[in-house]
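Each chain is listed here by its residues.
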Amino acid sequence: MAKTGQQKLAEALKTASNSAIGNVLSSKSLGEKQRTLLVKEGFLKKIIQGWYLLDADILTEKTGDSALWYESIWSFIDQYIKDRFSDELVEQGYWLSPELSLDLHTASNALPKQVVVYVPGASPRAIDLPNGMNLLIMSSKIQPYQVVTLHGCIQAHSVESALAETVPTTYRTNPLSIQLALDMADPGEVQKAILHSNNVSSGNRLIGAYKAIGMKLESRNLTTVMKSAGYEGVNSVNPFEVEPYVLGGNRGEAPSAKRVRALWKVMREDVQKVFADHPPAHNFFDKDIDETLSEIKSLYVNDAYNSLSIEGYKVTRELIEKVSNGDWSPETVAQDKAQKDALAARGYFDAFGRVKDLLSEAHEEGDDPDLEFLVGVGMTEWYTALFRPCVTAGIIEEAELAGYRKGPIYIRTSMHVPPASEQLMDAMDALKSLIANEPNYAVKAVLGHFLTGYIHAFPDGNGRTARFLMNFLFVLGGYDWVVIKHENRAQYLAALESASVEGNVRSFAQFVKDSQAAAI
């Protein structure tokens, strides 16, 4: 009996799924007919010639527009290097540049425009990747002090090895990664890495960097070890152009949490400047709470716009079964989305009500509410309210309402990568503390929104939760509720992207201020 088109597609998906590693596979893994079929049906998206992303989001055509691509970048680079340079890798392997290694170790949340990989004996070459990224392959005669595996696949310098070999400009262009790396590195291993590299200049910069961030013991001990090893010209050289910030938190705190603290310190002044001529309209605690809630209620219909829903599909056994039964197509995907959108509308209504309830609770506490507690309660209540209808409908499991996300999450078309799930507790605790201790309510609201999205602690609904938090804080501070207009969505997302990737929060703060003023 001849196979149906759906059966052929299901078989091709099964073959591709079995061959793929980290959602990536080479064209050699499939026969030409199966490859052609999967490309035609939208399941295979070209990365570069001969390499594909296996992605079940068939409504997305380009690899760079797929959320799954950002999860798969490191797997692709690892597989491509091993396949293309198998002979060169026999003895020494490959490794990422020290600078990129530092970023990965310290939870940098911006994907690099250029990924530099060293392969001993390889001829230099540059390869264009989706979404404007570039892979640069370089040769090297110097073996790193230590190579480790990151993201489960990619080979990189250990944090100590990267510190010993990074170039001087890193201290000026990326001081935060240096500071976080020094905080998390084993000082003894840093000493060994410097002795391995025989780089006195690098050692002198580390001596000065340790001293600049208050790690006097580590600075002194590195000096002693280098002098004892017979190096000449050992001294302290401060490599930072700008004095490092005191990040706060404890030394064992996750790098992502320290990045959140650093971003708050760096950005708060810009937000204050933007809102300097836009003071609060009234005192929340002096105003009748029923009047405040009535004003907020009148905004509900206008505010209840649901933000972009991010869907990153993976090829699973369940999906293959659906395809085999003829139950997977652009039409059925669209129908599923329509059902979820209807449930999301109900969830938004419930969450909006919980914001009003928490404002009443804060009003009852008086003019000095326990803000760290209220923010923590609010985020949990808003998120669970948003997705309770999906649990009731059986679309998601009840367990998904508890705690923070598990595993990585990627944002479609964004170069920003949220922190690893293992670091979320520290990052969110840092954010709640920063909000509670910040005296300026405009700063609380704007940075609270931005950093909630930056951390992306929940499996979904982070944008809606961030806007609820922003408006909760604005109202507490005597400001008006902000409605982000649909027609301004591109500007809104661009401002958030600029803040996340480039550290420029002024455009986002100005956007929020203008949106608030427009509603008056």
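This text goes with the structure placed above it.
Residues numbered from 1 in each chain as written. Predicted model: local features only at pLDDT ≥ 70, side-chain atom pairs only at ≥ 80, totals over all residues. Heavy atoms only, no water.

Caption draft 1: Main features of helix H8 (residues 187-197). Of the positions making up H8, those classed as buried are Glu 189, Val 190, Gln 191, Ala 193 and Ile 194. The residue sitting at the N-terminus of H8 and contributing the capping side-chain oxygen is Asp 186; that oxygen lies 2.8 Å from the backbone nitrogen of Gly 188. Downstream of H8 by a residue or two, Asn 198 has a phi angle that is positive, lying close to 55°. (Buried < 20%, exposed > 50% of the residue type's maximum accessible area, 1.4 Å probe, protein only. Helix = DSSP H or I, 4+ residues; strand = E, 2+ residues; numbered from the N terminus. Polar contact = N/O pair within 3.5 Å; in protein donor to acceptor, adjacent residues only side chain to side chain.)

Caption draft 2: Region of interest: the pairing of strand E3 (residues 51-54). The side-chain alternation of E3 yields two buried faces, one formed by Trp 51 and Leu 53 and the other by Tyr 52 and Leu 54. Here strand E2 (residues 44-48) pairs with E3 via 4 bridges, running antiparallel. Looking at the pairing, Lys 45 lines up with Leu 53 of E3. Hairpin connection of E2 to E3: 2 residues between the antiparallel strands, including Gly 50 at a positive phi of 90°. (Pairing = 2+ DSSP bridges.)

Caption draft 3: How the structure looks around a negative patch on the surface. On the surface, Asp 286, Glu 361, Glu 364, Glu 365, Asp 367, Asp 368, Asp 370 and Glu 372 cluster together into a negatively charged patch. No other element matches helix H15 (residues 330-365), which puts 3 residues into the negative patch. Along the chain, the position of Glu 361 falls in helix H15. By relative accessible area, Glu 361 is classed as partly exposed at 32%. (Patch = residues over 30% accessible without salt bridge, like charges linked within 9 Å, V, L, I, M, F, W, Y side chains within 5 Å. Areas by Shrake-Rupley, 256 points an atom, 1.4 Å probe, with all protein chains shown as cover. Salt bridge = Lys/Arg side-chain N within 4 Å of Asp/Glu carboxyl O. Lys, Arg positive; Asp, Glu negative; His and termini not counted. Charge placed at Lys NZ, Arg CZ, Asp CG, Glu CD.)

Caption draft 4: Structural view of the side chain of Ser 140. Of note, Ser 140 is situated in the loop between strand E7 (134-138) and strand E8 (147-150). A residue is classified by how much of its surface remains accessible, and Ser 140, at 17% relative accessible area, is buried. In this structure the side chain of Ser 140 is engaged in a polar contact, spanning 3.1 Å, whose partner is the backbone oxygen of Ile 142. In contact with Ser 140, not counting residues within four places along its chain, are Trp 95, Tyr 118, Val 119 and Pro 120. (Contact = heavy atoms within 4.5 Å.)

Interpretation note: all reported values are geometric properties and have no functional meaning in isolation.
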